[in-house]
Amino acid sequence: MTDQANAKVAEDAGVEQEPNRFETGWDSQEVSRTARSVERIAAGWGDRSQAIKVLRVLCHLTEEEPDRLKPDGDPDQWGFLATEVLGGMVRFNTPGADQWSKDHEKAKNRMKAHWPTIEKTWQRQAATIADGLEAEGLSLQPRLHRAEGGGTGKSNRYGFQFDNPNGMTESARPTEIDLLRVAQVHYRRAHISGNRFVRWLWSRSFDLAGWGGRIYLAFAFAALLGVVSITWIYLIGMSAAGTALTFLKAGLGILLILSASWLVFGWLVRLTIDRVTLAPAFLDPLSKETNYLLEVRESPEAQGNAISLVRYVANCPLCGAHGRDKIHVGSGRLEFFGRLVGRCDRAPNAHVFSFDHVTQRGRFLR
Ligand SMILES: [Zn+2]
Ligand SMILES: [Zn+2]
């Protein structure tokens with residue numbers, strides 16, 4: 001039915017037409033539903049204190065008469081009185097509740113005593129409430145509100161104000177993420193601001209055909225030679241071992257040497273095989289940033305390959321507005337063994353993306 005037709009029907013029936021929610025921003029039914037949900041959420045906290053019961057009564061009153069919280073009505077009539085709220089405690093068989101509904105002074109003081117606790121609880125539970133409402137498809141965001149009567153003899157009034165986030169503020173999370181179609185990530189080479197040594201490494205690339213390459217090869221060769229010869233000595237020791245115990249000791253020695261040398265020189269091997277690898281750990285403690293990579297790239301100036309120190313960042317598509325620069329390249333751990341992956345700082349084991357240093361693109365791996 002169109003708006004015009006709606007108005008016509010209302011006119012014909014001689015009743016006051018409910019104002020369109022898109023004109024006034026007020027939807028009594030949605031306010032009522034929101035209040036009912038908040039009450040249900042609050043009931044789930046397992047908090048049996050009086051303050052929470054007061055909050056639940058306030059929700060219940062709102063559910064019954066949502067229009068009393070209408071923001072653009074008579075401000076003197078907005079909200080619920082302490083006598084009404086505390087009188088509503090008969091629901092919980094609270095002793096003294098019928099008295100509070102009649103005695104203004106008593107109810108006023110009681111409510112004053114409860115209100116700070118209610119506000120504190122509301123703050124602490126803000127996320128529970130917001131998520132609970134979102135899960136039920138409600139978009140209104142209620143806030144506790146007290147209208148001060150002031151010194152004019154008017155009573156304080158209690159209730160909620162409602163924010164409608166639609167078109168106002170961006171929700172913290174995108175409401176719908178299609179996990180089967182997460183956007184690609186684009187890795188960008190980022191500035192490296194670590195200490196001097198790291199900056200120096202970053203500022204140049206090591207041309208593999210030039211002196212940098214010779215140092216690299218000499219380093220790799222020396223490491224290999226060292227490991228091989230020590231292992232060889234141990235192997236000879238093992239074959240010459242007189243007892244099972246010395247044999248085992250020598251075997252253990254080999255294992256230790258191999259794993260230690262992998263820790264120290266493994267990056268050389270990985271860099272040679274994969275052309276990109278996490279930079280050796282000894283660079284990390286020297287600077288604030290982590291996640292440095294070493295990569296071999298074709299270098300036009302060097303007319304060959306060059307090794308350079310790099311750092312990549314990307315925006316996390318799952319985190320949306322909060323995901324800027326949050327993805328860093330790290331180890332694939334056991335799940336993606338032997339691979340480098342992009343991990344989001346906000347959820348390193350959930351927002352995981354593939355990493356390709358040539359195309360600088362990645363796709364969601366979950
Ligand atoms: Zn993320
Ligand atoms: Zn290729």
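Residues numbered from 1 in each chain as written. Chains lettered and ligands numbered in written order. Predicted model: local features only at pLDDT ≥ 70, side-chain atom pairs only at ≥ 80, totals over all residues. Heavy atoms only, no water.

K.L.:
It is not clear to me how the pairing of strand β11 (residues 327–331) should be interpreted in this structure. Could you clarify?
P.N.:
As a general feature of sheets, a regular strand has side chains that alternate between the two faces. The element β11 is largely enclosed, with a buried count of 4 among its 5 residues. The pairing of strand β10 (residues 312–314) with β11 spans 2 bridges and is antiparallel. Within β11, the residue paired with Ala-314 across the bridge is Ile-327. Note that β11 and strand β12 (residues 340–344) share 5 bridges and pair antiparallel. Of the residues in β12, the one forming a bridge with Ser-331 is Leu-340. (Buried < 20%, exposed > 50% of the residue type's maximum accessible area, 1.4 Å probe, protein only. Helix = DSSP H or I, 4+ residues; strand = E, 2+ residues; numbered from the N terminus. Pairing = 2+ DSSP bridges.)

K.L.:
Looking at this model, I keep getting lost on helix α8 (residues 126–135). Mind explaining?
P.N.:
Each α-helix winds once per 3.6 residues, and so residues spaced three or four apart point in a common direction. All buried positions along α8 are accounted for by Ile-129, Gly-132 and Leu-133. An end-on view of α8 places all buried positions within 95 degrees of arc, on one side of the element. Exposed and facing more than 90 degrees away from the buried side of α8 are Ala-127 and Ala-135. Two residues or fewer past α8, Gly-137 is found with a positive phi of approximately 75 degrees. (Arc of directions from axis to C-beta.)

K.L.:
For this particular structure, what's the right way to read the layout of surface pockets?
P.N.:
Each pocket or cavity is described by its volume, and for the largest pocket that value is around 690 Å³. Lining the largest pocket are 26 residues, with Arg-270, Thr-277, Leu-278, Ser-331 and Leu-340 positioned closest to its centre. Counting only elements with at least two residues in the lining of the largest pocket, the list comes to α11 (244–274) and β7 (276–278). Here the lining of the largest pocket is built from residues that sort into 16 nonpolar, 5 polar and 5 charged. (1 Å grid on protein atoms, 1.4 Å probe; cavity = no way out; pocket = protein on both sides within 12 Å on 5 of 7 lines; lining within 4 Å. Points joined across faces, edges and corners; volume = space filled by probe spheres on them. Nonpolar A, V, L, I, M, F, W, Y, C, P; charged D, E, K, R; others polar.)

K.L.:
When you look at the UniProt feature "transmembrane region" (unreviewed entry) in the protein in this model, what are you seeing that I'm missing?
P.N.:
UniProt annotation of "transmembrane region" (unreviewed entry) refers to residues 215–235 and 247–269 when read in the numbering used here. Helix makes up 100% of residues 215–235 and strand 0%, whereas the separation of the span's terminal C-alpha atoms amounts to 30 Å. (UniProt positions renumbered as here; feature names shortened; annotations may be inferred.)

K.L.:
Mind showing me how you'd approach the coordination of the zinc ion (ligand 1) here?
P.N.:
Every protein donor of the zinc ion (ligand 1) is listed here as Cys-316 (SG), Cys-319 (SG), Cys-344 (SG) and His-351 (ND1), and their distances to the metal cover 2.0 to 2.4 Å. Metal-centred angles of 104 to 117 degrees between the 4 donor atoms at the zinc ion (ligand 1) mark the site as tetrahedral. Between the donor residues of the zinc ion (ligand 1), the gaps in sequence give the motif C-x2-C-x24-C-x6-H. Taken together, the residues Cys-319 in the loop between β10 and β11 and Cys-344 in strand β12 connect sequence positions 25 residues apart. Judged by relative accessible area, which is 5%, Cys-319 ranks as buried. (Donors = N, O, S within 2.8 Å, 3.2 Å for Na, K, Ca; no water. Tetrahedral: all angles 85-135°; square planar, octahedral: opposite > 155°, others 65-115°.)

K.L.:
Honestly, the side chain of Gln-360 in this entry has me stumped. Any pointers?
P.N.:
Within the fold, Gln-360 resides in the loop between β13 (352–354) and β14 (361–362). The buried category is assigned to Gln-360, whose relative accessible area is 13%. Only 3.1 Å separates the side chain of Gln-360 from the side chain of Arg-189, close enough to count as a polar contact. Apart from residues lying up to four places away in sequence, Gln-360 is in contact with Val-185, His-186, Tyr-187, Arg-188, Arg-189, Arg-297 and Tyr-312. (Polar contact = N/O pair within 3.5 Å; in protein donor to acceptor, adjacent residues only side chain to side chain. Contact = heavy atoms within 4.5 Å.)

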